[in-house]
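# A structural walkthrough
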Amino acid sequence: MVVVVASAPLSLIEFPADDPERARRFWSGLLGAELDAREEGEGEGWQTHSDTPTIGIHARGRGPGDSFSLPYFAVADIEEALDRVAKLGGTVVHPGPHWAICKDSEGSPFGLAQEPLKS
């Protein structure tokens, strides 16, 4: 039996970065959301303060949260999103018509998923 955890929505996706400013430009440009300096109690780095899940960036260190993340983002037009990834300095590792694996400007992998077409 497969158990689906629907009551635990994703609330934060954290990306380590070798160059945090470059990563902020990338994620702000791709998501259309500002990543502001974290407030007291939020840790070090930057994050969105609007919609959930929260997207956070911190300088890469040596801790367990400093390797990679692989979140998926739903997009209305996957082709347009893949074009934006490339224009913002990221790479498309595995393109596809319904989902794709990419890397951001810092080499952190993430996925894009085509939203279902509305009829």
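Residues numbered from 1 in each chain as written. Predicted model: local features only at pLDDT ≥ 70, side-chain atom pairs only at ≥ 80, totals over all residues. Heavy atoms only, no water.

## Digging into the packing of helix 1 (residues 20-31) against helix 2 (residues 78-87)
Taken N-terminus to C-terminus, the directions of helix 1 and helix 2 make an angle of 160°; their axes are 10 Å apart at the nearest point. With respect to helix 2, the axis of helix 1 lies roughly antiparallel. The interaxial crossing formed by helix 1 with helix 2 has right-handed handedness. Contacts from Phe26, Gly29, Leu30 and Leu31 in helix 1 reach Ala81, Arg84 and Val85 in helix 2. Looking at the contact of helix 1 with helix 2 residue by residue, the class counts come to five nonpolar, one polar and one charged. (Axes fitted to C-alpha atoms, helices over the stretch in contact; angles between N-to-C directions. Helix = DSSP H or I, 4+ residues; strand = E, 2+ residues; numbered from the N terminus. Parallel < 35°, antiparallel > 145°, perpendicular 65-115°, else oblique. Left-handed = near helix turned anticlockwise from the far one by under 90°. Contact = heavy atoms within 4.5 Å. Nonpolar A, V, L, I, M, F, W, Y, C, P; charged D, E, K, R; others polar.)

## Topic: the sheet that holds strand 3 (residues 46-47)
The sheet built from four strands is open, its strands ordered 1-4-3-2 with mixed pairing. Edge positions in the open sheet fall to strand 1 (12-17) and strand 2 (36-37), since each of these has one partner strand only. Bridging between strand 3 and strand 4 (residues 54-59) involves two bridges; their strand directions are antiparallel. Looking at the pairing, Trp46 lines up with Ile57 of strand 4. Across the sheet, helix 1 is in contact with strand 1, strand 3 and strand 4; its angle to strand 4 comes to roughly 165°. (Pairing = 2+ DSSP bridges.)

## Some thoughts on the pairing of strand 6 (residues 91-94)
Sheet topology places strand 6 next to strand 7 (residues 99-103); three bridges connect them, and they run antiparallel. Counterpart to Thr91 in the pairing with strand 7 is Lys103. The turn joining strand 6 and strand 7, which pair antiparallel and follow one another in sequence, is formed by four residues.

## A closer look at the confidence of the model for the protein
Taken over all residues, the pLDDT of the protein has a mean of 84, while the share at 70 or more is 87%. Contacts of residues 1-8 to residues separated by more than four positions or lying in other chains number zero contacts, the stretch itself having pLDDT below 50. (pLDDT = per-residue confidence, 0-100.)

## Here we look at the sheet that holds strand 6
Across the sheet, which stays open at both edges, the four strands sit in the order 5-8-7-6 with mixed pairing between neighbours. Two strands in the sheet have a free side with no partner beyond their single neighbour: strand 5 (72-75) and strand 6. For this sheet the average axis-to-axis angle between neighbouring strands, irrespective of direction, equals 35°.

## Structural notes on the nonpolar core
Phe15, Trp27, Ile57, Phe73, Cys102, Phe110 and Leu112 are the most contacted members of the largest nonpolar core, which has 21 residues in total. Counting residues per element, the ones that place at least two in this core are strand 1, helix 1, strand 4, strand 5, helix 2, strand 7 and strand 8 (109-114). Filtering out sequence-adjacent residues up to four positions away, Trp27 remains in contact with Phe15, Gly32, Ala33, Leu35, Ile57, Phe73, Asp104 and Phe110. (Core = buried A, V, L, I, M, F, W, Y, C linked by side-chain atoms within 4.5 Å. Buried < 20%, exposed > 50% of the residue type's maximum accessible area, 1.4 Å probe, protein only.)

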